[in-house]
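# Structural characterization, general
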Amino acid sequence: MKIVTANLWDANADIIAVTTNGNVKNGKLIMGAGAAKAMRDNYPGIDRWAAMQFTGKRYGWISNDTVGLFQTKINYWEPSTVKLIEFSVKKLLAWLEQRPGITVALNFPGIGLGGLTKDEVLPVIEQLPDTVTIYKAPVVNT
């Protein structure tokens, strides 16, 4: 895993991924703030697609050929948890095992609106392979 300071939307990766929650309303994953909102704004319909990919409120990682969603919260109004980030890392690792060489760009999970510190999250995400790049700059729409 690599960490860079850059705009996520400028990433040269197979999959651009953002952190999300597990709340669905009116057939759409709630993506109303932070990196999730930027993803929703840049990829119209991603919220509806995402809601069709899981049942319940815990999925960890989902992806198509372009974008990925990395869960850090169960409910959007609650803080991120290290435990859920651990679960999501395991899901992402399993997904990557089936796709050798695929590169993923992901905003730094759990910080910002998640409420965790980088020091709390870093030990969990350090197990990600070098094909995953973590972006620690603010995510902005393009």
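Located above this text is the structure these notes cover.
Below: a short report on this structure. Since we're looking at a predicted model, the values are computed, not measured. (Residues numbered from 1 in each chain as written. Predicted model: local features only at pLDDT ≥ 70, side-chain atom pairs only at ≥ 80, totals over all residues. Heavy atoms only, no water.)

### Brief notes about a positive patch on the surface
Operational definition: A patch consists of residues whose relative accessible area exceeds 30% and which take part in no salt bridge; residues with like charges are grouped when within 9 Å of each other, and nonpolar side chains (Val, Leu, Ile, Met, Phe, Trp, Tyr) when within 5 Å. Reported accessibility uses the Shrake-Rupley method at a 1.4 Å probe radius. Residues are deemed covered only where the shown protein chains occlude them. The salt bridge criterion pairs a side-chain nitrogen of Lys or Arg with a carboxyl oxygen of Asp or Glu, the two atoms within 4 Å. Neither His nor the chain ends contribute to the count of charged residues, in which Lys and Arg are positive and Asp and Glu negative. Each charge is placed at NZ for Lys, CZ for Arg, CG for Asp and CD for Glu. Helix and strand definitions here come from DSSP, where helices need a minimum of 4 consecutive H or I residues and strands a minimum of 2 consecutive E residues; each element is numbered from the N-terminal end.
A cluster of basic residues, R58, K83, K90 and K91, forms a positive patch on the protein surface. Note on placement: K90 falls in helix 3 (residues 82–97).

### Here's the deal with unusual backbone geometry
In terms of backbone geometry, most residues other than glycine have negative phi values and most peptide bonds are trans. What counts here: Only protein chains enter the accessibility calculation, which uses a 1.4 Å probe; a residue is then buried when its area is under 20% of its type maximum, exposed when over 50%, and partly exposed in between.
Backbone geometry at N26 places phi at a positive 55°, although glycine is not the residue there. Residue N26 is classed as exposed on the basis of its relative accessible area of 69%.

### Some details on the packing of helix 3 against helix 4 (residues 118–125)
What counts, and what does not: Axes here mean lines fitted to C-alpha atoms, for a helix over just the part in contact, with angles spanning 0 to 180 degrees between N-to-C directions. Relative orientations are named as follows: roughly parallel for angles under 35 degrees, roughly antiparallel for angles over 145 degrees, roughly perpendicular for angles from 65 to 115 degrees, and oblique for any other angle. Whether a crossing is left-handed or right-handed is set by the direction in which the near helix is turned from the far one by less than a right angle, anticlockwise for left-handed and clockwise for right-handed. The contact definition used throughout considers only heavy atoms, calling two residues in contact when any of these lie within 4.5 Å. The nonpolar class holds Ala, Val, Leu, Ile, Met, Phe, Trp, Tyr, Cys and Pro. Asp, Glu, Lys and Arg form the charged class, and all remaining residues, Gly among them, are polar.
The contact between helix 3 and helix 4 brings their axes to 10 Å, and the two run at 25°. By the angle between their axes, helix 3 is roughly parallel relative to helix 4. Considering how the two elements wind past one another, helix 3 and helix 4 form a crossing that is right-handed. Along the contact surface, helix 3 presents V82, I85, E86 and V89, while helix 4 presents E120, V121, V124 and I125. Here the contact of helix 3 with helix 4 is composed, by residue class, of six nonpolar, no polar and two charged.

### Topic: the layout of surface pockets
Worth spelling out the cut-off: The pocket and cavity definitions rest on a 1 Å grid over protein atoms only: a 1.4 Å probe that fits but cannot leave marks a cavity, an open set with protein on both sides within 12 Å along at least five of seven lines marks a pocket, and residues lining either have an atom within 4 Å of a point. Grid points are joined across faces, edges and corners, and a volume is the space filled by probe spheres set on the points.
Considering only enclosed or pocket space, the largest pocket measures out at about 470 Å³ in volume. Considering the residues around the largest pocket, the lining is formed by 26 residues, among which T19, A33, G34, A35 and L113 are closest to the centre. Tallying contributions element by element places helix 1 (residues 34–42) first for the lining of the largest pocket, with three residues. Tallied by class, the residues present in the lining of the largest pocket amount to 13 nonpolar, eleven polar and two charged.

### Quick notes on the pattern of salt bridges
Opposite charge on two side chains permits pairing when their charged atoms draw close. According to the stated counting rule, one finds two salt bridges in the structure shown. A salt bridge links K37 to D41; the shortest N-O distance between them is 2.9 Å. Note that K37 and D41 are positioned in helix 1 at a spacing of four residues, about one turn of the helix. Classification of D41 by relative accessible area gives partly exposed; the value is 32%. The partner of R40 in a salt bridge is D41, with the nearest N and O atoms 3.1 Å apart. Several salt bridges share partner residues, and in doing so they unite K37, R40 and D41 into one network.

### A short note on the side chain of S80
Selection rule: The term polar contact refers here to a pair of N or O atoms within 3.5 Å; inside protein, the definition further demands a hydrogen-donor-capable atom paired with an acceptor-capable atom, and it admits residues adjacent in sequence only when both atoms are side-chain atoms.
Residue placement: S80 occurs in the loop between strand 6 (67–71) and helix 3. For S80, a relative accessible area of 4% gives the class buried. Reaching out from S80, the side chain makes a polar contact with the side chain of T72 at a distance of 3.0 Å. Setting aside anything within four residues of it in sequence, one finds S80 in contact with T72, K73, G110, G114 and L116.

### Structural notes on the environment of W77
Secondary-structure assignment places W77 in the loop between strand 6 and helix 3. Judged by its relative accessible area of 54%, W77 falls in the exposed class. As for W77 and I134, which are separated by 57 residues in sequence, their C-alpha atoms are 24 Å apart.

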